[in-house]
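Coordinate inspection notes
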Amino acid sequence: MSQPASPQPRYGRERVCPHCGTRVAQKAKSCFFCGSPLDGEPRQRLRVPWADFVLFAVIAAVLALWWLRAPETPGVQQIASSNRQGDIAAELTAGSPTAQPTVIPPTPTPTPTETPQPTPTILAAPLRHVVKSGDTVAAIAQKYGSTIKDIIQANGLGADGRLSVGQALIIPLAGPTGGLGPTATPSGGSLVYTVQSGDTISDIALKYGSQIDWILNANKLKATDFLRIGQSLTIPLSPATPTVAPTPVVALVTPTVTPTPERALAAPSLLAPASAAVLSGQAVVLLTWTSVGTLEETEFYVVTLRRADRELPVATFWTKGTTWRLQTQYRGDATGIEYAWSVQVHAGSAEQPGKTMSPPSETRRFTWK
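Residues numbered from 1 in each chain as written. Predicted model: local features only at pLDDT ≥ 70, side-chain atom pairs only at ≥ 80, totals over all residues. Heavy atoms only, no water.

Burial along strand E11 (residues 323-326) is one-sided: the face carrying Trp324 and Leu326 is buried and the face carrying Thr323 and Arg325 is not. Two strands pair when backbone bridges link them, and strand E8 (residues 285-289) and E11 are joined in this way by four bridges, in the antiparallel orientation. Bridge pairing in E11 links Leu286 to Arg325. (Buried < 20%, exposed > 50% of the residue type's maximum accessible area, 1.4 Å probe, protein only. Helix = DSSP H or I, 4+ residues; strand = E, 2+ residues; numbered from the N terminus. Pairing = 2+ DSSP bridges.)

Let us look at the state of the cysteines. Taken as a whole, this structure holds zero disulfides when the rule is applied. Unpaired in terms of disulfides, Cys20 finds its nearest cysteine sulfur in Cys34, a separation of 3.6 Å. (Disulfide = S-S within 2.5 Å.)

On the surface, Leu55, Phe56, Ile59 and Leu63 cluster together into a nonpolar patch covering about 430 Å² of accessible area. Looking at the secondary structure, you find Ile59 in helix H1 (residues 50-69). (Patch = residues over 30% accessible without salt bridge, like charges linked within 9 Å, V, L, I, M, F, W, Y side chains within 5 Å. Areas by Shrake-Rupley, 256 points an atom, 1.4 Å probe, with all protein chains shown as cover. Salt bridge = Lys/Arg side-chain N within 4 Å of Asp/Glu carboxyl O.)

So, on to helix H3 (residues 137-144). Of the residues making up H3, those classed as buried are Val137, Ile140, Ala141 and Tyr144. Down the axis of H3, the smallest arc covering the buried residues is 100 degrees, so these residues share one side. The positive-phi residue at the C-terminal boundary of H3 is Gly145, with phi of around 70 degrees. (Arc of directions from axis to C-beta.)

A complete count under the given rule lists six aromatic pairs for this structure. With a centroid separation of 4.6 Å and 0 degrees between ring planes, the pair formed by Phe317 and Trp324 is classed as stacked. Trp324 matches Phe317 in its accessibility class, with the two residues each being buried. (Phe/Tyr/Trp six-rings, centres within 6.5 Å; stacked < 30°, edge-to-face > 60°.)

As summarised here, the arrangement of the three strands in space is E6-E8-E11, forming an open sheet in which the pairing is antiparallel. Among the strands making up the open sheet, the edge pair consists of strand E6 (270-272) and E11. The sheet shows a mean angle of 25 degrees between the axes of neighbouring strands, taken without regard to direction. (Axes fitted to C-alpha atoms, helices over the stretch in contact; angles between N-to-C directions.)

Counting 28 residues, the largest nonpolar core has Leu287, Trp289, Trp324, Leu326, Tyr330, Trp341 and Phe366 as its most contacted members. Those elements that provide at least two residues to this core are strand E7 (277-279), E8, strand E9 (299-307), strand E10 (313-319), E11, strand E12 (337-348) and strand E14 (364-368). Per-element accounting of this core gives the leading share, six residues, to E12. In this structure, Tyr193, Val195, Ile201 and Ala205 belong to the second largest nonpolar core, which totals 11 residues. (Core = buried A, V, L, I, M, F, W, Y, C linked by side-chain atoms within 4.5 Å.)

Attention now moves to the environment of Asp199. Summarising the element assignment, Asp199 is placed in the loop between strand E4 (190-194) and helix H5 (201-208). Judged by relative accessible area, which is 15%, Asp199 ranks as buried. Setting aside anything within four residues of it in sequence, one finds Asp199 in contact with Gln142, Tyr193, Thr194, Ile204 and Leu227. (Contact = heavy atoms within 4.5 Å.)

Let us now look at the pattern of salt bridges. Within this structure, the stated rule accounts for four salt bridges. The closest approach of N and O atoms between Arg365 and Glu338, which form a salt bridge, is 3.9 Å. With Arg365 in strand E14 and Glu338 in strand E12, the pair connects residues that are 27 residues apart, well separated along the chain. When its relative accessible area of 38% is taken as the criterion, Arg365 is described as partly exposed. Under the relative-accessibility criterion, Glu338 is labelled partly exposed at 36%. Residues Arg364 and Glu362 are paired through a salt bridge, measuring 3.3 Å at the closest nitrogen-oxygen approach.

On the secondary structure map, Leu169 appears in strand E3 (residues 168-170). Expressed as a C-alpha distance, the spacing of Leu169 and His129, which sit 40 residues apart in the sequence, is 5.1 Å.

What follows concerns the packing of H5 against helix H6 (residues 212-219). Two elements in contact, H5 and H6, have axes separated by 9 Å at closest approach and are oriented at 110 degrees. Considering the angle they form, H5 stands roughly perpendicular to H6. The two elements H5 and H6 cross, and the hand of that crossing is right-handed. Side by side, H5 and H6 meet where Ile201, Ser202, Ile204 and Ala205 of the first sit next to Ile212, Ile215 and Leu216 of the second. (Parallel < 35°, antiparallel > 145°, perpendicular 65-115°, else oblique. Left-handed = near helix turned anticlockwise from the far one by under 90°.)

In this section: the confidence of the model for the protein chain. Where the model shows low pLDDT, its predicted coordinates should not be examined in detail. Summary statistics for the protein chain give a mean pLDDT of 74 and a share of 68% for residues scoring 70 or more. Model confidence for the protein chain, summarised as mean pLDDT per element, is weakest for strand E1 (residues 122-123) at 39 and strongest for E9 at 91. Across residues 95-99 the pLDDT falls below 50, and counting only partners more than four positions away or on other chains, this stretch makes two contacts in the model. Segment residues 175-187: pLDDT under 50, and 33 contacts once partners within four positions in sequence are set aside and those in other chains are kept. (pLDDT = per-residue confidence, 0-100.)

As for its position among the elements, Ile151 is in helix H4 (residues 148-155). Residues Ile151 and Ile171 lie 20 residues apart in sequence; the distance between their C-alpha atoms is 5.9 Å. Setting aside residues up to four positions removed in sequence, Ile151 forms contacts with Val137, Ile140, Ala141, Ser146, Leu157, Ile171 and Pro172.

What follows is the structure in structure tokens.
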């Protein structure tokens, strides 16, 4: 019986395993190291590049971390916020069924109630005028119904009335809206005067010995009305006296009339500011005095304010209260203005002053700068 032919050994050559590269015997049929047959084709092993995978993984992680941690620019945030607001507005306009945002109204903060201050009947105004280019004392006096003489005296100007742009002038108002006005000696009768350029009621009254309220009442004018050149004015030379009709004698017995006692009030006492006080840097100065009791409907406290070196009042103030807040237009410059003030009870009104109902208070002075 014939034997199968065995492979002829290849002597003289070193034999290695085609799978793992281990040297094996010339007649070995399998590798003692990896166990692979030596007669078959060598197996192809897939080599995995682990180092490349690790490197790519590290790079990807760094990029992802940088992308997630990168700050968003303000422009992007604003655009995104604007787009979102536009989307919400579009949904609300179109009536979209999207859930509406709930608006919580803010809790109102309680406002403290302030004690109301007594309202004055009238405040003489204007009190100050800032000089502009082209202004003259005559034009300012005509504008406010004052006089050239009063403005020059109240502001200590020279006889030429020279002004500078930006200069603040105190404008004293004569008559029922400003002070007591000049006292004229009644001479009776009246005359007709034709208004000329630059005339004021106070100038006309001073010229003919009349008074402002007489001229206003005779011509049915108001203190704020302007005069027209060529206008005819009736100038009373004495106060109008009502005509008293004679009383017919009807009965033989004249009834005895018991005179009503005249109402008398005490003089108000000044409280603040103190006499000769120097007020510096205050935004408001509060003048206060004591009450003399309950005033009738037609009775008022009348405060007279004037410069200490002038006789002409700067302003008068009619009020039911016992205070007067002086605003900043009365305050002077760094050197200050010295004022004198007093209080007295009067009947009537600022437009038609009546008789005095109390003696005047003391006169106090203070400097405001």
